[in-house]
Each structure stands twice: as structure tokens, then as C-alpha cells.
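# Summary of structural features
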Amino acid sequence: MINDLSKKWDNVDSLEMLFYFYQLSDELLGESTPDSFALPMHNKVTLVEEMRFVFRLLNNYRCLDEYYKKYICPIIDEFLSDLSRDYLVKNILGKKFDSFVNGFKSSKESPKWFGNWVESFLNICSLDIYEKECRKEVVRLVRDTNDKKKLNEILINYYVCLVSFGYSKQGIKSIIKSFFRQNEINSLNQIENVLSLLSRKEKNFEFLILLKTNATGNAGNLWENFSKDKVSNICVEDFRNTDVAKMDEVKKLIKKYDQQVAKNAKDSYSIISYKIDALDYFSAAQSFDADYKFFQIFPQYYSHIPYTKTVDYILLKRDDGLYTSVYIPYLLKSRKGGDSTKAGDNISNIVKNKLMGPAAFDSFVQAMEMHSEAIESRNVKTILRNFWIALESLCSVPSEHGSREDVFNAVGSLSQKTYILKTLRILHRQVTQCLKNEYLEELNIRDFNGFVMFFVENNIESEPFKKLFSLCAGNILLRSRLHIIKETYGDSQGILNSIKKHAERIEWHLKRLYRMRNIATHLGLKYPGMEVAVNHLHNYFDYVVNYILCKTDNGEYIHSLPGLFFDAKNDVGVHLSLLKNRETLTKDNYIDLLFGSDKEMQKYSLE
């Protein structure tokens, strides 16, 4: 989270909504943002596009009758949920809005008219039309209102559109960050200047790349036949005699080439030029990665040898004609993770203190093996399959309903049980990152338990909360979030609704991930958005593992993993029953209302 304004901002108070836009964009698009506040995969229009993709796929493979209710109806449910809150969709559809709602509802019973409803919707409310309306609304909200809640919703929908058009999240974030770092900020009207940089116009990107060419066999022939418009070899001898070779970064590239050739007699190396039109640098670099993997698959069939690192150094040509060193973004986003030095301690603790039964430990180790295979893979379909198998290894028990339901139940139960804890832990971390220790001491927020008690004992109008808001005055996003979460968790009904809504979203997304897994496994096809979804699945796996480790770190014995998840499901049931009676959150009931029946849960370090 961006905590401070740079010196390039004038008259901060009058620019509050623009700074909120900047903070929110940075968080939504961040690689290490907790999934609770990261950009989701879909908005309402992209959900309809997903329906169309799955519907056409099932039709093409003549299995619509068998899979329609299982694969398409959950997407319809997700689409219809809170649809009326998307006032842009409502405005675009106009008086036809209710007919579309009824049409999609009736399509849950039969696919007869479903395809017609999908096409009719996208004719009126295409992604292109919706993106333009979102863009206009972002400008209006920043310039003419103080409605942060609406801006949050519309900005999410806008960025989801841009990602669907081919932008990378890193690319959007980089463009926005560069604008605010390089310009004097003195007017709300500058929101239009920022968004004009996201015009969806492709630009040409040119790379110089040092790579090992063993992996592509006769690479020249492959590139000539498959990708004349994208890739061309550059002869090293000719390359040295050009003006380009005199540039500092290019000199480093040539030096690295010479070093590799001198010490690796058995390997062949080349410096190639790669040019492509793309929306941002990250998308362009990912395109090269995908193309180069493609060039490897045919030679690899004959060699039967897996290839290790092939790209040694990569330069990007800047707008000024000079080159700068860059990297190819890895498919799996960077993670907060934990202290890797504690891995041995965790396992030693489990084994020495006999904190897992034999079956539980075997399943745990098997899941970790599949996780390792997933992160070592370079293919998104393989990564997704292996992560799903890793989850099955943790969650499954032999039964007639199969491992899919076990994964749904385990992940769903844990996410419901720990949702409030997770949200409060993230909020506590953001507060401690924003405020100096001396201020935290004044507020008696010395640790997480102190933050929870502060949150519980003080209402929004209290002096301590006013002081907290005052200390966070420069952090508009955090101030707004504190206000919203305090209001939402102020009574049992708000907490109950939050948990139920979160559980619903998790269920829809797990079903999506399972669809992706099945389509990748049985048809070998790539599902739209799989590069984003595989990171979500990785999050779910991490979350389950972290929950297990929190249990063992607290000295709790795990007889079986399915038993652990069943216990979590029971805890959720008890927690929801405790929330049914409307009660205001107080220091006397906060453990029951926030954390349910598990009295140890407040100790768990989950985010």
C-alpha cells in the first residue's frame, strides 16, 4: 500500500480522490497484494464471455446435455448475483435489463435459448462498450464526487476489462506509477491524462536476447517457417560492427555471449532480435516466452531431455533508442511466503512431537511433492493440474462423491472459518506499516491482540478512532478501509453477511478452477484467464497448508487431514449459528462473533 504522497503532489486535500485512485490501482494490480484486496478475475461482462466460451466448447464436443448444469449454471448464478448493483450494465441494457435477468434465470432450466441470450447481451453490452463506460465513470467519480465505494467497484470492473483485452496487471500498474512519479500533480482533471495512457493501442517492442539454442534444434528453420513476422536471427559477427553494439547495456550482452561460448563448448548460443506489437512490455515479454516454448517442443520430442534455463540475458529497446536490462515475468506471481529457514523447524516440530498421524503426514508430504512439480513446470495447464492434485492430496478421503467435493468442502470451510481473522490481520499489518511505533503505543496497538481490542472497544465516533483516522489522514485508502470494515463488522448481521458472501464467491471460483482443470486434462485446451486463475489456485493451496502449520505450531495434534477439515466445517456451522441473533460487537462477545468456537484461532498468523 502506498502510504505517502511524493513531493510532486500539490494541495493534497483537493486531490484526495485522485490519490485514492492511485493507491487503489497500486493495490489492485500489485503482485504481492493479499487476495482479499487483489483484482478479481471477472466482472459481469467477462462472465458472459466465459459463458459463451464454455457453451461453444460443450456444443463442439457434443456434451452439452451432460455438462450444461454442472459447468454453465454456476456461471449464470455468479452473473446474476448482485447484477442490479452494476449500474453501468443496467444503464447500457436500459429497459431490456429485466428481460435479460429473466432470460438468464430461465436458461438455468434448459439450454434451449441460452446461446441467444448470451449473444444478444454481448451485442448490446460488449466488453468494448462496457470498458468505455467504465472509463468515463472513473473520470466522473474522481473529478466530480467523493464516492470512494463506487470508485472501488468501477475501477475493478475497468481493470478487469483491460486485462481481458490483453494488458498485464504489471503493465497497467507500471504505466500508472510512471505517470504519477514523473509529473507534477495539481488537478483532478489529470485522471483523464492517466487513463489516456491506457488507450488499448499496441506499440512495437523490440528485444535483444541472449539464449541457448540447443533447445530449438535448427531454430532458424523453425522461426522462418512459423514466425517470420516476429523473430529473426542476428549474426553475432555483423552485430558487433553496428552502432548498437557501442551501447553500454549491449556491450554487457556481447560480453556475456562471449563468456558463455568460451565456457560451454557443447552448447550453442545466439543473440536474437524479437519484435512484437503488444499493449505493454510485460505482455510482449510473455509473448516471447510463449513463442520460444513453442519452438522447443519439436526438438524436445527427439531428444527426450528436459531443458533448463535457456534465456541468459534480455534487453528492451527504450523509446529513446537505448537498451535496458529487463526480465521475462514468471507465470506464478511473487508471494509473500514465509521464512524458508523455518521449513526444517516446521517438519522437525511435526515429526519429533508426533503432531500428525501417519496417514496425515503421508498426505502432507505427497501434496508438497505435487506443489514442487507445479512450480517447476513451465506450462500453465500442467501447473494448474498439479496444484489441483496437490489440493486433492491434502483434502481427499475415499468416498462415492469423489475428490472434487472434498476440495470444495475443505477450502470452502477453511476460507469461511478464517475469513474475518484474515481480514483483520491484513488490516493490522497495514496500520502498523502506516504508523510509527510511538503512535501505535499511544493507541495501545502493540500487537494483533491489541489491535483487535482497539477495533472492538471503540466505535467510529470515539476519540481513539478519531485519533487513528487523524494519524492515517494521509493514507486515504487505509482510512476508508478502516471505516468500512468497522461499520461492516459492527454487529453480528454484518459479520454473517460478509462470511456468507465470501463463501459464495469461493464456491463459484473453485468450480471455475475445476472446470479449467477438467478441460485442460481431458481436452488439452487452455481456458481463458488460466494464467490468472493458476495463481488463485496457488493461493488456496498455500492457505490450506498455512492453516495446517498454524495448528501444529500451536501444538495441536492432527490425526487425519479430512478430519481436520470436517472439524473446520463444524466450526463454521457453530459460528454461523452464533451470528444469527443480531448483536452489537462488544468486548464480551467479540471472540464468538469474530472467531466462532475455536478459542485458539486468534493466534493463527493467517493472511
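The shown structure was predicted, so the numbers you read here are calculated from the model rather than taken from an experiment. (Residues numbered from 1 in each chain as written. Predicted model: local features only at pLDDT ≥ 70, side-chain atom pairs only at ≥ 80, totals over all residues. Heavy atoms only, no water.)

### Observations concerning the layout of surface pockets
Of the pockets and cavities examined, the second largest pocket occupies roughly 740 Å³. If you go around the second largest pocket, you meet 26 residues; those closest to its centre are Ser174, Ile175, Lys203, Phe205 and Asp319. Ranked by residues supplied to the lining of the second largest pocket, first place goes to helix α9 (residues 169-182) with five residues. Among the residues forming the lining of the second largest pocket, the class breakdown is ten nonpolar, eight polar and eight charged. (1 Å grid on protein atoms, 1.4 Å probe; cavity = no way out; pocket = protein on both sides within 12 Å on 5 of 7 lines; lining within 4 Å. Points joined across faces, edges and corners; volume = space filled by probe spheres on them. Helix = DSSP H or I, 4+ residues; strand = E, 2+ residues; numbered from the N terminus. Nonpolar A, V, L, I, M, F, W, Y, C, P; charged D, E, K, R; others polar.)

### Remarks on the nonpolar core
Counting 163 residues, the largest nonpolar core has Phe21, Phe121 and Tyr159 as the members making the most contacts within it. Of the residues forming this core, the biggest block, 13 residues, is contributed by helix α24 (residues 530-553). Beyond its immediate stretch of four places on either side in the chain, Phe121 contacts Val45, Val48, Phe79, Val89, Leu93, Phe100, Phe104 and Ser126. The next biggest cluster of nonpolar side chains, apart from the first, holds 19 residues, and it includes Phe207, Leu211, Ala285 and Phe288. (Core = buried A, V, L, I, M, F, W, Y, C linked by side-chain atoms within 4.5 Å. Buried < 20%, exposed > 50% of the residue type's maximum accessible area, 1.4 Å probe, protein only. Contact = heavy atoms within 4.5 Å.)

### What about the confidence of the model for the protein?
Where the model shows low pLDDT, its predicted coordinates should not be examined in detail. On average, the protein scores 89 in pLDDT, and the residues at 70 or more come to 92%. Here residues 226-237 is a poorly scored stretch, pLDDT under 50, and it has 29 contacts once near neighbours within four places are set aside; other chains count. (pLDDT = per-residue confidence, 0-100.)

### Notes on the pattern of salt bridges
Applying the stated criterion to the full structure yields 41 salt bridges. With a closest N to O distance of 3.2 Å, Glu507 and Lys511 form a salt bridge. Pair noted here: Glu507 and Lys511 are both in helix α23 (residues 492-522), with a separation of four residues, about one helical turn. Residue Lys511 is classed as partly exposed on the basis of its relative accessible area of 26%. (Salt bridge = Lys/Arg side-chain N within 4 Å of Asp/Glu carboxyl O.)

### Brief notes about helix α6 (residues 114-124)
All of the buried residues in α6 are Phe114, Gly115, Val118, Phe121 and Leu122. Down the axis of α6, the sector holding all buried residues measures 135°, keeping them to one side. Of the surrounding elements, those touching the buried residues of α6 are α2 (44-60), α3 (64-80), α4 (87-93) and α5 (97-106). (Arc of directions from axis to C-beta.)

### With respect to helix α16 (residues 358-376)
Taking 1.5 Å per residue as the helical rise, α16 with its 19 residues ought to reach 27 Å, and the 27 Å between its terminal C-alpha atoms agrees with that figure. Regarding α16, the residues found buried are Ala360, Phe364, Ala367, Met370, His371 and Ala374. In an axial view of α16, the angular spread of the buried residues amounts to 130°, which keeps them on one side of the axis. Facing away from the buried side of α16 by over 90 degrees, the exposed positions are Pro358, Asp362 and Glu376. (Expected span 1.5 Å × (residues − 1).)

### Overview of unusual backbone geometry
The general pattern is negative phi for most residues beyond glycine and trans for most peptide bonds. Although it is not a glycine, Asp82 sits at a positive phi angle of roughly 55°. Structurally, Asp82 is set in the loop between α3 and α4. With a relative accessible area of 34%, Asp82 lands in the partly exposed category. Backbone geometry places Arg200, a non-glycine residue, at a positive phi of 70°.

### What about empty space enclosed by the protein?
The full count for this structure, using the stated rule, is one cavity of 30 Å³ or more. Quantified by volume, the largest cavity comes out at close to 30 Å³. Lining the largest cavity are Lys417, Asp571, Val572, His575, Phe595, Gly596, Ser597 and Asp598. In terms of residue class, the lining of the largest cavity is made up of two nonpolar, three polar and three charged.

### Some remarks on the pairing of strand β1 (residues 203-212)
Taking burial as the measure, the ten residues of β1 include eight buried ones, the bulk of the element. Strand direction decides the pairing type here: β1 and strand β4 (residues 311-317), joined by five bridges, are antiparallel. From the neighbouring strand, Leu208 faces β4, where its bridge partner is Leu315. (Pairing = 2+ DSSP bridges.)

### Some details on the packing of aromatic side chains
On inspection of all chains with the given rule, the structure shows 31 aromatic pairs. Through a chain of ring-to-ring contacts, the aromatic side chains of Phe55, Tyr68, Phe79, Phe100, Phe104, Phe114, Trp117 and Phe121 assemble into a single cluster. Against the face of Tyr313 rests Lys256, its NZ or CZ located 5.1 Å from the ring centre. Between the NZ or CZ atom of Arg481 and the centre of the ring of Phe37, over which it lies, the distance is 3.7 Å. (Phe/Tyr/Trp six-rings, centres within 6.5 Å; stacked < 30°, edge-to-face > 60°. Lys NZ or Arg CZ within 6 Å of the ring centre and 35° of its normal.)

### Observations regarding the side chain of Asp598
Here Asp598 lies in the segment after α26 (590-595). Here Lys551 takes part through its side chain, which lies 3.4 Å from a polar atom of the side chain of Asp598. Ignoring sequence-local partners within four residues, the contact set of Asp598 consists of Lys417, Tyr547, Lys551, Asp571 and Tyr604. (Polar contact = N/O pair within 3.5 Å; in protein donor to acceptor, adjacent residues only side chain to side chain.)

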